[in-house]
Amino acid sequence: MKSEVLVINTNLGLEIYYESMYDCTQIIKDTFAIVACKKCKTEDKYRFYDFQNEQEIQLFMDTAMQKLARMPLFTSYTKSMLGQLNAQFETNRRLIGRLLEIWHEVSSNIRYKGINLQKIRDFRNDFQAVYINNVENDILKELFMEMLEKKHLN
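### Quick notes on the pairing of strand β1 (residues 5-10)
(1) Moving on: Of the two faces of β1, only one is covered, namely that formed by L6, I8 and T10; the face formed by V5, V7 and N9 stays uncovered.
(2) Moving on: Bridge count between β1 and strand β2 (residues 13-18): six bridges; the pairing is antiparallel. Among the inter-strand pairings, I8 is bridged to a residue of β2, identified as E15.

Okay, here's the thing in structure tokens:
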């Protein structure tokens, strides 16, 4: 694929993100079928979603987050995903950065009807922390932290 590949195994399923000039969906499905389901059709047992651009990812994540934020497993899903993003940040820095931007946008624009606002705030803060904790430039990291502290004082 000659691009970064990010695999996140959450309590909801396996998420695979990649960026490539070519559609690698079938290769990923075939590889998954070899590993997960030797004698069955993966389409019969698993759901696959493929997205061609960031807008499609954002629309899907918006819908998924609306549902997830109402569920008790939202916190464990978030912790699991964030742990894996931290572990893979060095090898997938650019891809994770783009996904963090999408997830931050989704969490900022989510419609709050029936959703615990504190969960959403914690979710956004945790995503910010993933990025800030992985900034290599100490001065830039310190500026980010100061900016967030001042923002939270208002």
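Picking up where we left off.
### Details of the packing of aromatic side chains
(1) Moving on: Inspection of the entire model under this criterion finds two aromatic pairs.
(2) Moving on: Ring centres of Y49 and F60 lie 4.7 Å apart, and the angle between their planes is 45°; this geometry places the pair in the tilted category. Of this pair, Y49 sits in the loop between α2 (42-45) and α3 (54-68) while F60 sits in helix α3, and the two are eleven residues apart along the sequence.
(3) Moving on: For Y49, a relative accessible area of 48% gives the class partly exposed.

### Description of the environment of E56
(1) Moving on: Following the sequence through the fold, E56 ends up in helix α3.
(2) Moving on: Once you skip the residues sitting within four places of it in the chain, E56 turns out to touch D50 and F51.
(3) Moving on: Among the polar contacts listed, one links the side chain of E56 to the backbone nitrogen of Q52, at a separation of 2.8 Å.

### Observations concerning the packing of α3 against helix α5 (residues 93-109)
(1) Moving on: Across the interface, α3 lies against α5 with an axial gap of 9 Å and an inter-helix angle of 45°. The angle between α3 and α5 falls in the class oblique. Helix-helix and strand crossings are classified by hand; for α3 and α5 the assignment is right-handed. Across from E54, I57, Q58, M61, D62 and M65 in α3, the residues of α5 making contact are R98, I102, W103, E105, V106 and S107.
(2) Moving on: Its residues assigned to classes, the contact of α3 with α5 shows six nonpolar, two polar and four charged.

### With respect to the layout of surface pockets
(1) Moving on: The space that makes up the largest pocket amounts to roughly 1,400 Å³.
(2) Moving on: Around the largest pocket, the lining comprises 39 residues; the ones closest to its centre are L14, E15, Y49, F51 and F60.
(3) Moving on: Counting residues per element, the ones that place at least two in the lining of the largest pocket are β2, α1 (25-36), α3 and α5.
(4) Moving on: Element by element, the count of residues in the lining of the largest pocket is highest for α3, at eight residues.
(5) Moving on: Split into classes, the residues belonging to the lining of the largest pocket amount to 23 nonpolar, seven polar and nine charged.

About the criteria used
- Residues numbered from 1 in each chain as written.
- Predicted model: local features only at pLDDT ≥ 70, side-chain atom pairs only at ≥ 80, totals over all residues.
- Heavy atoms only, no water.
- Buried < 20%, exposed > 50% of the residue type's maximum accessible area, 1.4 Å probe, protein only.
- Helix = DSSP H or I, 4+ residues; strand = E, 2+ residues; numbered from the N terminus.
- Pairing = 2+ DSSP bridges.
- Phe/Tyr/Trp six-rings, centres within 6.5 Å; stacked < 30°, edge-to-face > 60°.
- Contact = heavy atoms within 4.5 Å.
- Polar contact = N/O pair within 3.5 Å; in protein donor to acceptor, adjacent residues only side chain to side chain.
- Axes fitted to C-alpha atoms, helices over the stretch in contact; angles between N-to-C directions.
- Parallel < 35°, antiparallel > 145°, perpendicular 65-115°, else oblique.
- Left-handed = near helix turned anticlockwise from the far one by under 90°.
- Nonpolar A, V, L, I, M, F, W, Y, C, P; charged D, E, K, R; others polar.
- 1 Å grid on protein atoms, 1.4 Å probe; cavity = no way out; pocket = protein on both sides within 12 Å on 5 of 7 lines; lining within 4 Å.
- Points joined across faces, edges and corners; volume = space filled by probe spheres on them.

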